[in-house]
Structures are given as structure tokens and as C-alpha cells.
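Topology and contacts: notes
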Amino acid sequence: MLALQGDVREHARMVAASGGIPSEVRTPTDLEGIDALIIPGGESTTIGRLATLYGLVDPLRSRISDGLPTLGTCAGMIFLASEVTGGDQPLLGALDMVVERNAFGRQNESFECDLAVDGWEYAFPAVFIRAPVVDRTAPDIEVLASHNGRPVLVRKDHVMACAFHPELTGDDRVHRMLIDLVG
Ligand code: GLN
């Protein structure tokens, strides 16, 4: 997990429960030893600012474009995007899509829903907390789930992102999808 800010511990618990070995990335050296990356939820502006400060932006871009299986959740989804509507913050641009921050409602409007995901037998209990709305995706981005007509789980090759918080549920299917991408 990128461990600059956000709910790193919840992801660590989920990674361990889905058969992975969690480790924390704070420096470019930490990045060298991992097989998959999770960018947690939190505040994307803070994560971007700290990643810039720690010299992680370019190393992250190059490891991700070299094929590192990556999952960004909520703020992590924003950090992976190529553009934030009306925003100016460091982004990795690993997914060619435009997102709008806090657009599914503010903190006190957080909500949960049963989400149908392409190819999954039963719904995923998705928790949304000041979630980003995806306004536009490039044609090569696969939309695996939508809520209110907006993509909330997307994937392009080895890079996945979701607007909700799979680490806050007891359902490890999103995390297992990432672990399955490790060759
Ligand atoms: N609103 C946050 C942001 O813009 C994301 C919220 C979250 O990760 N729960 O970065």
C-alpha cells in the first residue's frame, strides 16, 4: 500500500485476509520490492502532495506503466486519473479519465449500496464516502460496475480503480482481483 495518508491499515488487513503479504510504500526504494500496489482512500490532494515531496510521482508512474498491478480506491482512484474537473493537483495519469471530487455527496451523505459487478454472482456491498464521480473515460477503459449511471469500478489491463471503499467491508473480491493480477 502507498502509505502516505489514508486508510492504509484497513487495506493491509484485507490484503492479509486475501492471501497477500501487506507492506507499506513511502519511498522509491520501497516501491522496488512489491508485486502489486494499492493506493488507499483518504485525501487525494494530500496523497499527491506527499508523493511529490517524497519523490514518488515519477517512480510510481514508471512502475505502473511497466505493468505493476495497481488498485486505487476513492482518493486513490482520483490520484490514478488523468484529470480532475476544476482541480489542480498532482495526478499519476495511469487511467485516461476525468473525475470530479466529492461528487457522490459530502462526508455526511456517505452511503452504502449493493453493487452489481460484471461477471460476479452476487452484489458487492459498496461503501461510498465523499466519493469521486467519473465524468469521462477513454474507450479503452473497461467499466465493471456503475452506480446511478456513473462508472464506479473500472479497469485498464493491470490498473483498477473504484470510487468506493472495498477495504471497509468483509468482502475481499476486489482485493482478490488485484492479487490475481500478480503473475
Ligand atoms: N474526497 C476525497 C478526495 O477528494 C476522497 C474521499 C475518500 O477517499 N474517501 O480525495
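Just above sits the structure.
Small disclaimer: the values here were computed from a predicted structure and weren't measured. (Residues numbered from 1 in each chain as written. Predicted model: local features only at pLDDT ≥ 70, side-chain atom pairs only at ≥ 80, totals over all residues. Heavy atoms only, no water.)

**Here's the deal with the layout of surface pockets**
Within this model, the largest pocket holds a volume of roughly 320 Å³. If you trace the largest pocket, you find 17 residues lining it, with V15, G20, I21, D35 and A36 closest to the centre. Sorting the residues of the lining of the largest pocket by element identifies β1 (37-39) and α6 (173-180) as the ones contributing at least two each. When grouped by side-chain class, the residues that make up the lining of the largest pocket number 12 nonpolar, four polar and one charged. (1 Å grid on protein atoms, 1.4 Å probe; cavity = no way out; pocket = protein on both sides within 12 Å on 5 of 7 lines; lining within 4 Å. Points joined across faces, edges and corners; volume = space filled by probe spheres on them. Helix = DSSP H or I, 4+ residues; strand = E, 2+ residues; numbered from the N terminus. Nonpolar A, V, L, I, M, F, W, Y, C, P; charged D, E, K, R; others polar.)

**Focus on the site of the ligand**
The immediate surroundings of the ligand are formed by G41, G42, E43, S44, C74, A75, I78, R101, N102, I129, R130 and H165. G42 has a polar backbone atom sitting 2.9 Å from an oxygen atom of the ligand. Separating an oxygen atom of the ligand from a backbone N or O atom of S44 is a distance of 2.5 Å. Protein contacts shield 98% of the accessible area of the ligand, which totals 300 Å² for the unbound molecule. The residue makeup of the shell around the ligand, split by class, is four nonpolar, five polar and three charged. (Near = heavy atom within 4 Å. Polar contact = N/O pair within 3.5 Å; in protein donor to acceptor, adjacent residues only side chain to side chain. Areas by Shrake-Rupley, 256 points an atom, 1.4 Å probe, with all protein chains shown as cover.)

**Some points on the nonpolar core**
One broad rule of soluble globular proteins: the nonpolar side chains tend to lie buried together. If you look at the biggest cluster of nonpolar residues, it comprises 58 residues, and the most contacted ones within it are L2, M97, L115, F128 and F164. If you tally residues by element for this core, the top one is helix α5 (residues 75-80), at five residues. Discounting residues that sit within four places of it in the chain, L115 has contacts with A123, F124, A126, A145, S146, H147, V152 and F164. (Core = buried A, V, L, I, M, F, W, Y, C linked by side-chain atoms within 4.5 Å. Buried < 20%, exposed > 50% of the residue type's maximum accessible area, 1.4 Å probe, protein only. Contact = heavy atoms within 4.5 Å.)

**Comments concerning the environment of D171**
Along the chain, the position of D171 falls in the loop between β10 (159-162) and α6. Using a relative accessible area of 11% as the deciding quantity, one classes D171 as buried. Taking the C-alpha atoms as reference, D171 lies 19 Å from S110; in sequence the two are 61 residues apart. Apart from the residues lying within four places of it in its own chain, the contact partners of D171 are M14, Y122, F124, P125 and P166. A polar side-chain atom of D171 sits 2.7 Å from a polar atom in the side chain of R173.

**Overview of the pattern of salt bridges**
Tallied over the entire structure, the rule returns eight salt bridges. D171 is the partner of R173 in a salt bridge, and the nearest nitrogen-oxygen pair spans 2.7 Å. Ionic pairing is found between R176 and D172, a salt bridge with its closest N-O pair at 2.9 Å. Sharing partners across several salt bridges, the network here consists of E43, R101 and R130. (Salt bridge = Lys/Arg side-chain N within 4 Å of Asp/Glu carboxyl O.)

**Points about the packing of aromatic side chains**
Each aromatic ring pair is described using two quantities: the centre-to-centre distance and the angle formed by the ring planes. Under the counting rule described, the total for this entry stands at six aromatic pairs. Seen from their ring centres, F104 and F128 are 5.4 Å apart, and the 65 degrees between their planes marks the pair as edge-to-face. Of this pair, F104 sits in the loop between β4 (95-100) and β5 (111-115) while F128 is found in strand β6 (residues 124-128), placing the two residues 24 residues apart along the sequence. Across the pair, exposure class does not vary: F104 and F128 are buried alike. One aromatic cluster is present, formed by F104, F111, W120, F124, F128 and F164 through successive ring pairs. (Phe/Tyr/Trp six-rings, centres within 6.5 Å; stacked < 30°, edge-to-face > 60°.)

**Some points on the sheet that holds strand β3 (residues 81-84)**
Backbone-to-backbone hydrogen bonds pair the strands of a sheet. The strands run either parallel or antiparallel. Taking strand neighbours across the sheet as the criterion, the three strands line up as β3-β4-β7 in an open arrangement whose pairing is mixed. Bordering the open sheet on either side are β3 and β7 (133-137), each of which pairs with just one other strand. On average, adjacent strands in this sheet sit at an angle of 35 degrees to one another, irrespective of strand direction. As paired strands, β4 and β7 are joined by four bridges and run antiparallel to one another. Bridged to E100 within β7 is V133. (Pairing = 2+ DSSP bridges. Axes fitted to C-alpha atoms, helices over the stretch in contact; angles between N-to-C directions.)

Limitation: the analysis is restricted to geometry and does not speak to function.
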